[in-house]
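Fold and geometry: a report
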Amino acid sequence: MASQTQHAFSPIDLHMHSLASDGTLTPAALVSRAHGAGVRVMALTDHDNTEGLAEAESAAVALAMTLIKGVEISSVWHDQGIHIVGLFIDPEDQVLQEGLARVMAFRDWRAEEMGRLLAGQGIADAAEGARNMASSPMVGRTHFARWLVQQGHCSDPADAFARYLGRGCHAYVPSDWIPMPEAVAWIRHAGGLAVLAHPGRYKLSGTQLRALLTEFRAEGGAGLEVSSGSQAAGDREHLGRLAKELEMAGSLGSDFHGPDMGHAAIGRLLPLPDGVLPIWQRAGFALS
């Protein structure tokens with residue numbers, strides 16, 4: 001876990017997940033928890049769907065919080081899986097929703113294939129079990145991991161990934177995600193800003209990361225997560241320098257999934273480095 005989570009607090013947190021994807025809290029409960037933690041501006045960025053936004057918005061209004069509508073799209077760049085956060089989106093945009101429907105259809109197929117592969121390992125009904133764990137239309141490897149632990153097949157989610165779900169394991173299914181330019185285009189069509197999620201988490205060399213960011217910016221990408229709860233605290237300064245050199249905005253977000261999920265606590269983030277343009281200013285959004 002990134003050490004930054006122990007030493008700083010931000011009232012702005014622009015990357016969180018609810019039960020609508022692979023988080024463990026309902027959207028309303030997530031908003032309430034963020035409010036209790038001192039966050040006053042938050043974004044709900046569930047994976048590949050926007051189903052939780054209406055509930056989150058109602059909860060935010062009741063607590064006088066600012067909710068920024070978001071989504072996190074599973075994407076790919078040169079065979080490297082990446083995640084792209086869309087902020088300030090219109091969730092009713094038809095192009096965005098048609099695109100997300102494509103991703104969800106692939107997720108449905110992948111879940112069935114993972115279930116078939118696990119059955120070949122003597123573990124029956126895994127796809128159904130993962131769907132029951134999900135409590136939403138979006139089924140991912142995290143849900144399979146939780147189910148495997150619940151059923152006693154694995155000791156914890158990390159064990160599930162190491163034995164069955166990770167790359168090269170028995171139930172790993174290669175992901176045919178959306179090419180980066182297409183995902184960025186969906187976000188822009190919905191009036192949003194595309195942000196590269198947790199760049200420090202990808203296994204890329206410095207040259208490769210710069211190439212990714214350069215292409216991302218050329219396709220209309222607006223920024224990158226400079227301060228993230230799911231990458232090392234030491235990445236912040238390097239990513240801040242890249243943001244300034246490439247004239248990209250900076251974002252910050254915990255990538256919170258739940259109180260027992262091993263991710264950073266809500267709002268426990270170092271501020272953006274001096275000279276990095278905040279993504280909300282790029283959007284013309286006044287946050288206090």
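Refer to the preceding data block for the structure.
This text gives an overview of the structure that appears in the document. Bear in mind that the values here come from a model prediction, so they are computed numbers and not experimental data.

This brings us to the overall build of the protein chain. Helix and strand content of the protein chain: 10 helices and eight strands. For 288 residues, the compact-globule formula gives about 19 Å, and the C-alpha radius of gyration of the protein chain, at 18 Å, lands near that figure. Along the longest, intermediate and shortest principal axes, the C-alpha atoms of the protein chain span 55 × 45 × 40 Å. Nonlocal contacts in the protein chain, meaning residues at least 24 apart in sequence, comprise 73% of its contacts between residues at least 6 apart. Taken as a whole, the protein chain presents about 12,100 Å² of accessible surface, with 49% of it coming from carbon and sulfur. Taking the average location of the 22 positive side-chain charges in the protein chain and that of its 32 negative ones, the two points are 6 Å from each other.

To locate leftover empty space, one rolls a probe as large as a water molecule over the atoms. Taken as a whole, the largest pocket encloses approximately 1,400 Å³ of empty space. Lining the largest pocket are 39 residues, and of these His83, Arg141, Phe161, Trp177 and Arg201 lie nearest its centre. The set of elements that each furnish at least two residues to the lining of the largest pocket consists of strand 3 (66-77), strand 4 (80-87), helix 3 (94-119), helix 5 (141-150) and helix 6 (157-165). Of the residues that constitute the lining of the largest pocket, the class distribution is 13 nonpolar, 14 polar and 12 charged.

This next bit is on the pattern of salt bridges. Scanning the model with the defined rule gives 11 salt bridges in all. With its nearest N and O atoms 3.3 Å apart, the salt bridge here joins Asp255 to Arg201. Taken as a pair, Asp255 in the loop between strand 8 (249-253) and helix 10 (279-282) and Arg201 in the loop between strand 6 (193-196) and helix 8 (206-218) lie far apart in primary sequence, 54 residues in all. Asp255 gets classed as buried once you look at its relative accessible area, which sits at 2%. Overall, the relative accessible area of 40% leaves Arg201 in the partly exposed class. Its salt-bridge partner being Glu237, residue Arg236 comes within 2.5 Å of it at the nearest N-O pair. Residue class for Glu237 comes out partly exposed when judged on its relative accessible area of 39%. Connected via shared salt-bridge partners are Asp108, Glu112 and Arg131.

Mapped onto the elements, Ala134 comes out in helix 4 (residues 126-134). With a relative accessible area of 0%, Ala134 lands in the buried category. A C-alpha to C-alpha distance of 6.9 Å links Ala134 and Asp22, two positions 112 residues apart in sequence. When residues no more than four places from it in sequence are discounted, the contact partners of Ala134 are Leu19, Ser21, Val139 and His143.

Here the focus is unusual backbone geometry. The phi dihedral of Ala64 falls on the positive side, at around 60°, and the residue is not glycine. In this structure, Ala64 sits in the loop between helix 2 (53-62) and strand 3. Exposure remark for Ala64: the relative accessible area of 67% places this residue in the exposed category. For His198, which is not glycine, the phi torsion reads 25° and is therefore positive. By relative accessible area, which is 1% here, His198 ends up buried.

Let us now look at the packing of aromatic side chains. Across all of its chains, the model carries three aromatic pairs by this definition. Members of the aromatic cluster, connected to one another through ring pairs, are Phe106, Trp109 and Trp177.

Conventions and cut-offs
Residues numbered from 1 in each chain as written. Predicted model: local features only at pLDDT ≥ 70, side-chain atom pairs only at ≥ 80, totals over all residues. Heavy atoms only, no water. Helix = DSSP H or I, 4+ residues; strand = E, 2+ residues; numbered from the N terminus. Rg over C-alpha atoms; globule rule 2.2 N^0.38 Å. Contact = heavy atoms within 4.5 Å. Areas by Shrake-Rupley, 256 points an atom, 1.4 Å probe, with all protein chains shown as cover. Lys, Arg positive; Asp, Glu negative; His and termini not counted. Charge placed at Lys NZ, Arg CZ, Asp CG, Glu CD. 1 Å grid on protein atoms, 1.4 Å probe; cavity = no way out; pocket = protein on both sides within 12 Å on 5 of 7 lines; lining within 4 Å. Points joined across faces, edges and corners; volume = space filled by probe spheres on them. Nonpolar A, V, L, I, M, F, W, Y, C, P; charged D, E, K, R; others polar. Salt bridge = Lys/Arg side-chain N within 4 Å of Asp/Glu carboxyl O. Buried < 20%, exposed > 50% of the residue type's maximum accessible area, 1.4 Å probe, protein only. Phe/Tyr/Trp six-rings, centres within 6.5 Å; stacked < 30°, edge-to-face > 60°.

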